[in-house]
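Working through the structure, step by step
Read off the chains here:
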Amino acid sequence: DVKGLVLEKGLPGVPYDLFESIYLEVFPYNSNSLLKEAFDIFDVNHTGQITLEDMLRIKEKLLLKFTDEEFKDIIHLFDENDSAITFDAVMKEYD
């Protein structure tokens, strides 16, 4: 799992660009099951969507160095209403 890999490599608190480069090495974009697994990590309440609140909880658990604005920007990439990310929106982006 992503959390285990980050902790195994001694990388808690890494900046986003380093996290992204490591993540892409381990989980290529074209893997639907791995995208779903990553999505489910952030979908804390298992609602089928990732909200800002979900992202902030994961940020604290994994000690990620994202700002709230960066998380808002990520949500906006997938949802112009800035409310949440759905797995369908992720699949459309990486399909």
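Presented here is a report on the structure given in the accompanying data block. Bear in mind that the values here come from a model prediction, so they are computed numbers and not experimental data.

What follows deals with the packing of helix α3 (residues 32-42) against helix α6 (residues 87-94). Where α3 meets α6, the axes come as close as 11 Å, and the angle between the chain directions of the two elements is 140 degrees. Taken together, the axis directions place α3 and α6 in an arrangement best described as oblique. Of the two possible hands of crossing, α3 and α6 adopt the one that is right-handed. In this structure, α3 contributes Asn 32, Leu 35, Lys 36 and Phe 39 to the contact, and α6 contributes Phe 87, Val 90, Met 91 and Tyr 94.

A word on the side chain of Asp 54. Within the fold, Asp 54 resides in helix α4 (residues 52-62). Using a relative accessible area of 2% as the deciding quantity, one classes Asp 54 as buried. Leave out the neighbours within four places in its chain, and Asp 54 touches Phe 42, Asp 43, Val 44, Asn 45 and Gln 49.

The subject of this paragraph is a negative patch on the surface. On the surface, Glu 70, Asp 73, Glu 80 and Asp 82 cluster together to form a negatively charged patch. With respect to the helices, strands and loops of the structure, Glu 80 is situated in the loop between α5 (68-78) and β2 (85-86).

Residues Phe 87, Ala 89, Val 90 and Met 91 constitute the buried set of α6. The secondary structure elements touched by the buried residues of α6 are α3, α5 and β2.

As enumerated under the stated definition, the model contains four salt bridges in all. The shortest N-O distance in the salt bridge between Asp 40 and Lys 36 comes to 2.9 Å. Within this pair, Asp 40 and its partner Lys 36 are both found in helix α3, separated by four residues, close to a single helical turn. Using a relative accessible area of 30% as the deciding quantity, one classes Asp 40 as partly exposed. With a shortest N-O distance of 3.6 Å, Glu 69 and Lys 72 are connected by a salt bridge. Of this pair, Glu 69 and Lys 72 both sit in helix α5, separated by three residues, roughly a single helical turn. Judged by relative accessible area, which is 48%, Glu 69 ranks as partly exposed. Lys 72 sits in the partly exposed class, given a relative accessible area of 39%.

Another aspect to go through is unusual backbone geometry. Backbone geometry at His 46 places phi at a positive 55 degrees, although glycine is not the residue there. Take His 46: it is sitting in the loop between α3 and β1 (49-50).

Here we come to α3. Restricting attention to buried positions, one finds in α3 the residues Leu 35, Ala 38, Phe 39 and Phe 42. The arc that holds the buried residues of α3, viewed along the axis, is 100 degrees, so those residues lie on one side.

Cut-offs used in this document
Residues numbered from 1 in each chain as written. Predicted model: local features only at pLDDT ≥ 70, side-chain atom pairs only at ≥ 80, totals over all residues. Heavy atoms only, no water. Axes fitted to C-alpha atoms, helices over the stretch in contact; angles between N-to-C directions. Helix = DSSP H or I, 4+ residues; strand = E, 2+ residues; numbered from the N terminus. Parallel < 35°, antiparallel > 145°, perpendicular 65-115°, else oblique. Left-handed = near helix turned anticlockwise from the far one by under 90°. Contact = heavy atoms within 4.5 Å. Buried < 20%, exposed > 50% of the residue type's maximum accessible area, 1.4 Å probe, protein only. Patch = residues over 30% accessible without salt bridge, like charges linked within 9 Å, V, L, I, M, F, W, Y side chains within 5 Å. Areas by Shrake-Rupley, 256 points an atom, 1.4 Å probe, with all protein chains shown as cover. Salt bridge = Lys/Arg side-chain N within 4 Å of Asp/Glu carboxyl O. Lys, Arg positive; Asp, Glu negative; His and termini not counted. Charge placed at Lys NZ, Arg CZ, Asp CG, Glu CD. Arc of directions from axis to C-beta.

Function-wise, these values are silent; they only describe arrangement.
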